[in-house]
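Reading the structure
Each chain is listed here by its residues.
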Amino acid sequence: MDDLRDKYIRLVAEAGDESALEDLRVQAVGKKGEISLKMRELGKMSPEERQVMGPKLNALKDEINSALSAKKEALEDVALDERLRAEWLDVTMPARDRRVGTIHPVSQVTEEVTAIFADMGFAVAEGPQVESDWHNFDALNIPGHHPARAEMDTFYMHRAEGDNRPPHVLRTHTSPVQIRSMEQQGAPIRIICPGRVYRADYDQTHTPMFHQVEGLALDKDISMANLKWVLEEFFAAFFEVDGIKTRFRASHFPFTEPSAEVDIQCSWEDGQLKIGEGDGWLEVLGSGMVHPKVLQAGGIDPYEYQGFAFGMGIDRIAMLKYGIPDLRAFFDSDLRWLRHYGFASLDVPTLHGGLSR
Ligand code: DAH
């Protein structure tokens, strides 16, 4: 028995890999292994002999089994060390800047705007681009005869012959999303709605498709002071200028009362526009307190809730922030332009990580 023990302990120690170890296991303690066969002989022994040999054989079997599993573990450790050495990777090495396309300024600015308003508790809402005449106009207090309809250079959808209902339109602004959001979630509400809008217009600062972002905040005690604070927070974060000055000019929109157009401080020197300094002004958005008729159209009781809304051109603030002179180039798909004005695809704008780098 001692010979058997010495032999297997030595063989286990010498085993070079897991398959050699498995062969050994079969050879020693497998069904037809040397030790197993010895155990079978117990049956032929006298009871006295068996009493001595039984426990000894069992102890031997246990000893070989634990030698096998200790060796197995040791071999696995060696294999793991080997792998860790071979698969070593220097994560501190700078990434290769191989650009796979770039992020378009409109997408970048939409992400920036969303990050800033999300931080102030605004959720993102969306609506259809082919919009009903009612959502785009009537519900926003722009009835059929209203001059704003003509001013908006609306694209009308085709209507089947004999269909006398008002045709759907390509939405001329993101304001109809105000109505849809009120219908869907009621009040209180705090949302922004970025998206595409359409008007038949084309020159250096107008394209038939462009982008707006709408804002809407409704609650029982929201005032224009809240509007002013929210917008000033936004401009300071977006243009990365603390304490940027704003100017609220009385204006008129059918869907707000009172209404204000908002300008931000800027300077023009040697043909260079700088935001957040000097004593010039630049108009950036329309806003006001939501008109009671608009609340009613959205199914909200104007005696219980009130709030502010605003609408702003995304392309326009992108042009201002990143010094892009011609709006039409935004939609030309010119690779040279995209490489010049585009953003690295891995830099997601966040307030803590930086909006634009
Ligand atoms: N919808 C307006 C436009 O397209 C912008 C606007 C003005 C939106 C005032 C508003 C607002 O929500 O309160 O020109």
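Residues numbered from 1 in each chain as written. Predicted model: local features only at pLDDT ≥ 70, side-chain atom pairs only at ≥ 80, totals over all residues. Heavy atoms only, no water.

The chain goes by Phenylalanine--tRNA ligase alpha subunit in an unreviewed UniProt entry, where it is assigned to Rhodalgimonas zhirmunskyi. Its UniProt record gives the chain the following Subunit (unreviewed entry) comment, quoted word for word: "Tetramer of two alpha and two beta subunits." (UniProt positions renumbered as here; feature names shortened; annotations may be inferred.)

Here's the deal with the domain arrangement of the chain
Segmenting the chain into domains produces domain 1 (2-86) and domain 2 (106-344). The centre of domain 1, based on its C-alpha atoms, is set 79 Å off from the matching centre of domain 2. (Domains from an automatic or database assignment.)

Topic: the pattern of salt bridges
Following the criterion strictly, the structure yields 22 salt bridges and no others. The closest approach of N and O atoms between R5 and E63, which form a salt bridge, is 2.9 Å. With R5 in helix α1 (residues 2-14) and E63 in helix α4 (residues 47-86), this pair connects stretches of sequence that are 58 residues apart. With a relative accessible area of 31%, R5 lands in the partly exposed category. (Salt bridge = Lys/Arg side-chain N within 4 Å of Asp/Glu carboxyl O. Helix = DSSP H or I, 4+ residues; strand = E, 2+ residues; numbered from the N terminus. Buried < 20%, exposed > 50% of the residue type's maximum accessible area, 1.4 Å probe, protein only.)

Structural notes on the pairing of strand β8 (residues 272-275)
Here strand β7 (residues 256-269) pairs with β8 via four bridges, running antiparallel. By the bridge assignment for β8, S267 is matched with K274. Hairpin connection between β7 and β8: a loop of two residues separates the two successive antiparallel strands, and D270 in this loop has a positive phi of roughly 45°. (Pairing = 2+ DSSP bridges.)

Quick word on the layout of surface pockets
Put simply, the second largest pocket is a space of about 260 Å³. What lines the second largest pocket is a set of 16 residues, among which E126, P194, G195, R196 and H211 lie closest to the centre. Looking at the lining of the second largest pocket, the elements that each hand over two or more residues are α5 (105-119) and β4 (189-198). A per-element tally of the lining of the second largest pocket places β4 first, with four residues. Partitioned by chemical class, the residues of the lining of the second largest pocket number seven nonpolar, six polar and three charged. (1 Å grid on protein atoms, 1.4 Å probe; cavity = no way out; pocket = protein on both sides within 12 Å on 5 of 7 lines; lining within 4 Å. Points joined across faces, edges and corners; volume = space filled by probe spheres on them. Nonpolar A, V, L, I, M, F, W, Y, C, P; charged D, E, K, R; others polar.)

Quick notes on the site of the ligand
Contacts to the ligand come from 15 residues, most closely from H173, S175, R199, Q212 and E214. One of the side-chain nitrogen or oxygen atoms of S175 is found 2.9 Å away from a nitrogen atom of the ligand. The side chain of Q178 places a nitrogen or oxygen atom 3.1 Å from an oxygen atom of the ligand. Protein contact buries 90% of the 350 Å² of open area that the ligand shows by itself. For the shell around the ligand, the elements supplying multiple residues, two or more each, are β5 (209-219), β9 (280-290) and β10 (306-313). Of the residues that constitute the shell around the ligand, the class distribution is four nonpolar, nine polar and two charged. (Near = heavy atom within 4 Å. Polar contact = N/O pair within 3.5 Å; in protein donor to acceptor, adjacent residues only side chain to side chain. Areas by Shrake-Rupley, 256 points an atom, 1.4 Å probe, with all protein chains shown as cover.)

Here we look at α5
Compared with the 21 Å implied by 1.5 Å per residue over 15 residues, the 21 Å span of α5 between its first and last C-alpha is a close match. Every buried residue of α5 is listed here: P105, V106, Q108, V109, T110, E112, V113, A115, I116 and F117. G121 sits one or two residues past α5 and shows a positive phi near 90°. (Expected span 1.5 Å × (residues − 1).)

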